[in-house]
Amino acid sequence: MKDGKPFNIPKQAVWTAYKKVKANQGSAGIDGQNLADFEKDLKNNLYKIWNRMSSGSYFPPPVKAVEIPKKAGGTRRLGIPTVSDRIAQMVAKMYMEPYVEIIFHEDSYGYRPNKSALDAVGKARQRCWKYDYVIEFDIRGLFDNIDHKLLMKAVRKHVKEPWAILYIERWLKTPFILENGDKMERNSGTPQGGVISPILANLFMHYAFDMWMKREYPHAPFERYADDAIIHCKTENEAKKILERLDQRLKECKLELHPQKTKIVYCKDSDRNKDYPNTEFDFLGYSFHRIFIKDGRGRLNFNFLAGASKKANKSFRDKIKELKLSTLTGRKVDDIAVMINPMVRGWLNYFSKYNKTSIRSTMRYLNLRLVRWAMRKYKRFKGHKVRAINWLQELAKREPNMFAHWALGWTP
C-alpha cells in the first residue's frame with residue numbers, strides 16, 4: 001500500500017497515459033469535454049484519475065454511442081469514452097500489454113506493437129503462392145458480442161494487478177448513452193472506440209481462434225487482424241472441413257460467422273480448376289486475384305497477387321471528389337498540395353506497397369482533378385485542357401516533390 005491507497009499505481013503511469021491519449025487525439029465523450037478543455041486544469045484532472053484509481057473508487061462514466069456508416073452499407077456503433085476515462089483505460093492497457101503480448105500468436109496483427117495490416121497482407125500474399133485455397137471469414141459484430149464471462153476468465157489468467165481486473169470488469173459493464181439520450185445497458189461486448197477494447201478483443205480471439213487453430217490445424221496457417229481473417233489450405237476438402245469446424249468453434253464461444261463475408265476461395269494462378277466459383281477475395285483493403293504479368297525473365301504469366309481493391313480505390317476517389325478542388329480558385333497550387341498531401345501520402349504508403357498498377361487509375365483521377373482546378377484557376381487554360389496538362393507536367397519537372405503522388409512518379 002502506497003500513500004495510504006489500496007492500489008499501487010504510480011502517478012507517472014497516469015502522466016504517461018495522458019501523453020499517449022493526447023497523441024491519439026479523439027473527440028469529446030458524454031461530458032462534452034475535449035482534450036483542450038481537460039488541459040485547462042491538467043494537474044488537478046490527472047490527480048483525480050490517479051486518486052480514484054489508486055483508492056478503488058474509480059467508476060467509469062457512461063460511454064457516448066455514435067453510429068458511423070459502413071462502406072458496405074448500414075452503420076457501426078462506436079463507443080467514445082470521456083477524455084478522463086480514455087486516460088484511465090490507457091493506464092490499464094499499459095499494465096496489461098506486457099503480460100499478453102508474450103503469449104499472442106505471431107499471425108495476430110491487429111492493434112499490436114510492431115505489427116501492422118501491411119504485415120498481414122504481405123504474409124497472406126506469400127502464403128497464397130504456396131496454398132491453393134483460402135477460407136475468407138469475418139465474425140459478425142465481434143466487438144458487440146464478446147462474452148464477458150469467457151473474457152474475464154482469460155483476463156484473470158494473465159493480468160496480475162487486482163485493480164486492473166476490477167476496472168476491466170467495470171469498463172465492460174459501462175452503459176452506452178445513445179444519440180437520442182437513452183441509456184443502453186451492456187451484457188456483452190467491448191465497445192469499438194475504447195482504448196482497452198482492442199487488446200481485450202485480441203485476448204478473447206487468442207483463445208477462441210488463434211490457439212484453437214494452432215492446436216487443431218497446425219498445418220493450416222492464418223492471418224488475423226481483429227475480426228478479419230483468412231486461413232490457408234492445401235485442398236478444397238480440407239478448407240470445407242476447417243470451415244465447418246470453425247463455425248462450430250465460434251458458436252461455442254458465442255460468436256457467429258458473417259454469412260455474406262465468409263467463403264472458400266481458389267487461389268487461381270493458372271487454368272487449373274478454372275470453373276471454381278470464387279477465385280478472388282479482399283483482405284484489409286487489398287484484393288487478391290489472378291493477374292497476367294511479366295516474370296523475372298520478361299515472360300508473361302498468370303500470378304496470384306494482391307493490389308488495392310476496387311472498394312479502396314473508389315473510397316479514395318470519393319474523398320478527393322468531396323474536396324471539390326476545382327472550386328478552390330482562390331488557393332495557390334502550393335496551398336492545394338499542403339491540403340491534400342497528408343491524405344494522399346497516407347493512402348499511398350499503404351496501397352503502393354504491393355502491385356502499384358492497381359492504383360494507376362486513381363492517381364490519374366487525382367491528376368485530372370488538379371487539371372480541372374488549373375482550368376478554373378487560370379483564364380489562359382479555360383477550355384484548353386491540354387495547356388493545363390502541359391503546365392502541370394512542367395511544374396512536376398521543376399517541383400517533383402510538390403505533391404505526394406508526384407514524388408512517387410505519378411505525374412500528369
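Calculation criteria
Per chain, residues are indexed from 1 in the order of the written sequence. Only residues with pLDDT of at least 70 get local features here, since the model is predicted, and only at 80 or more are side-chain atom pairs given and counted; chain-wide, interface and lining totals rely on the full set of residues. With hydrogens and water stripped out, all remaining heavy atoms of the structure feed into the side-chain values. Secondary structure elements are defined from DSSP: runs of H or I of at least 4 residues count as helices, runs of E of at least 2 residues count as strands, and each element is numbered from the N terminus. Using a 1.4 Å probe on the protein chains alone, a residue whose accessible area is under 20% of its type maximum counts as buried, one over 50% counts as exposed, and one in between counts as partly exposed. The contact criterion used is simple: two residues touch if any of their non-hydrogen atoms lie within 4.5 Å. Note that accessible areas follow from Shrake-Rupley with a 1.4 Å probe, and for residues the cover is restricted to the protein chains shown. Charged residues are defined here as Lys and Arg on the positive side and Asp and Glu on the negative side; His and the ends of the chain fall outside this count. Taken as the charge centre is NZ of Lys, CZ of Arg, CG of Asp or CD of Glu, depending on the residue. Any carboxyl oxygen of Asp or Glu within 4 Å of a side-chain nitrogen of Lys or Arg constitutes a salt bridge here. The criterion is simple. A nonpolar core is a set of buried Ala, Val, Leu, Ile, Met, Phe, Trp, Tyr and Cys residues joined through side-chain atoms within 4.5 Å. Take the residue count of a helix, subtract one, and multiply by 1.5 Å to get its expected span. A pair of strands is labelled paired if DSSP reports no fewer than 2 bridges between them. Comment: axis = line fitted to C-alpha atoms, over the contacting stretch for helices; angle = value between 0 and 180 degrees taken between N-to-C directions. Angular relationships are summarised with four words: roughly parallel below 35 degrees, roughly antiparallel beyond 145, roughly perpendicular across 65 to 115, and oblique for the angles in between. Take the far helix as the reference: if the near one is turned anticlockwise from it by less than a right angle, the crossing is left-handed, and if turned clockwise, right-handed. Note on residue categories: nonpolar means Ala, Val, Leu, Ile, Met, Phe, Trp, Tyr, Cys or Pro, charged means Asp, Glu, Lys or Arg, and polar means any other residue, Gly included.

Draft legend 1. Spatial organisation of the overall build of the chain. On a plain count of helices and strands, the chain comes out with 15 helices and 11 strands. For the chain, buried positions account for 49% of its 412 residues. Expressed as a percentage of contacts within the chain between residues at least 6 apart in sequence, the contacts between residues at least 24 apart total 67%. Put simply, the chain shows about 21,100 Å² of open surface, and 49% of that area lies on carbon and sulfur atoms. Distance from the positive charge centre (77 side chains) to the negative charge centre (45 side chains) of the chain: 6 Å.

Draft legend 2. Expanded view of the pattern of salt bridges. For the structure shown, the criterion picks out 18 salt bridges. For arginine 127, the salt bridge identified is with aspartate 107, shortest N-O distance 3.1 Å. Taken as a pair, arginine 127 in helix α5 (residues 117-130) and aspartate 107 in the loop between α4 (83-101) and α5 lie far apart in primary sequence, 20 residues in all. Just as arginine 127 is buried, aspartate 107 falls in that class too. One connected set of salt bridges, linked through shared partners, spans Asp107, Arg127 and Glu223.

Draft legend 3. Structural context of the nonpolar core. Judged by nonpolar contacts, the single largest core of 71 residues is most densely connected at Ile87, Met96, Val155 and Ile231. The element contributing the most residues to this core is helix α9 (residues 197-216), with 10 residues. Leave out the neighbours within four places in its chain, and isoleucine 231 touches Tyr133, Val134, Ile135, Phe137, Phe209, Met213, Ala220, Pro221, Phe222, Ile242 and Leu246. Counting residues in hydrophobic clusters, the runner-up holds 55 residues, among them Trp347, Leu348, Val371 and Phe381.

Draft legend 4. Layout of helix α13 (residues 360-377). A rise of 1.5 Å per residue sets the reference length of α13, with its 18 residues, at 26 Å; its end C-alpha atoms lie 26 Å apart and thus fit the reference within 8%. Among the residues making up α13, those that are buried are Thr362, Met363, Tyr365, Leu366, Asn367, Arg369, Leu370, Val371, Trp373 and Ala374. Structurally, α13 contributes buried residues whose contacts are with α11 (310-322), α12 (333-351), α14 (385-398) and α15 (404-407).

Draft legend 5. Local environment of the pairing of strand β1 (residues 63-69). Of the pairings in the sheet, the one linking β1 to strand β4 (residues 176-177) comprises two bridges and is parallel in character. Among the inter-strand pairings, valine 63 is bridged to a residue of β4, identified as phenylalanine 176. With six bridges connecting them, β1 and strand β2 (residues 75-80) associate as antiparallel partners. Residue pairing in the sheet places isoleucine 68 in a bridge with arginine 76 of β2.

Draft legend 6. Representation of unusual backbone geometry in the model. One non-glycine residue, tyrosine 111, lies in the positive phi region at around 55°. Mapped onto the secondary structure, tyrosine 111 falls in the loop between α4 and α5. A relative accessible area of 41% means that tyrosine 111 is categorised as partly exposed. Although it is not a glycine, leucine 284 adopts a positive phi angle of roughly 55°. On the secondary structure map, leucine 284 appears in the loop between β9 (281-283) and β10 (286-294). Since its relative accessible area comes to 16%, leucine 284 is described here as buried.

Draft legend 7. Just the packing of helix α1 (residues 11-24) against α4, in detail. Between α1 and α4, the shortest axis-to-axis distance is 8 Å and the interhelical angle comes to 115°. Considering their axes alone, α1 and α4 lie roughly perpendicular with respect to each other. With respect to the hand of their crossing, α1 and α4 are arranged in right-handed fashion. Where α1 approaches α4, its residues Ala13, Val14, Thr16, Ala17, Tyr18, Lys20, Val21 and Asn24 are matched on the opposing element by Arg86, Ile87, Met90, Val91, Met94 and Tyr95. In the contact of α1 with α4, the residues fall into 10 nonpolar, two polar and two charged.

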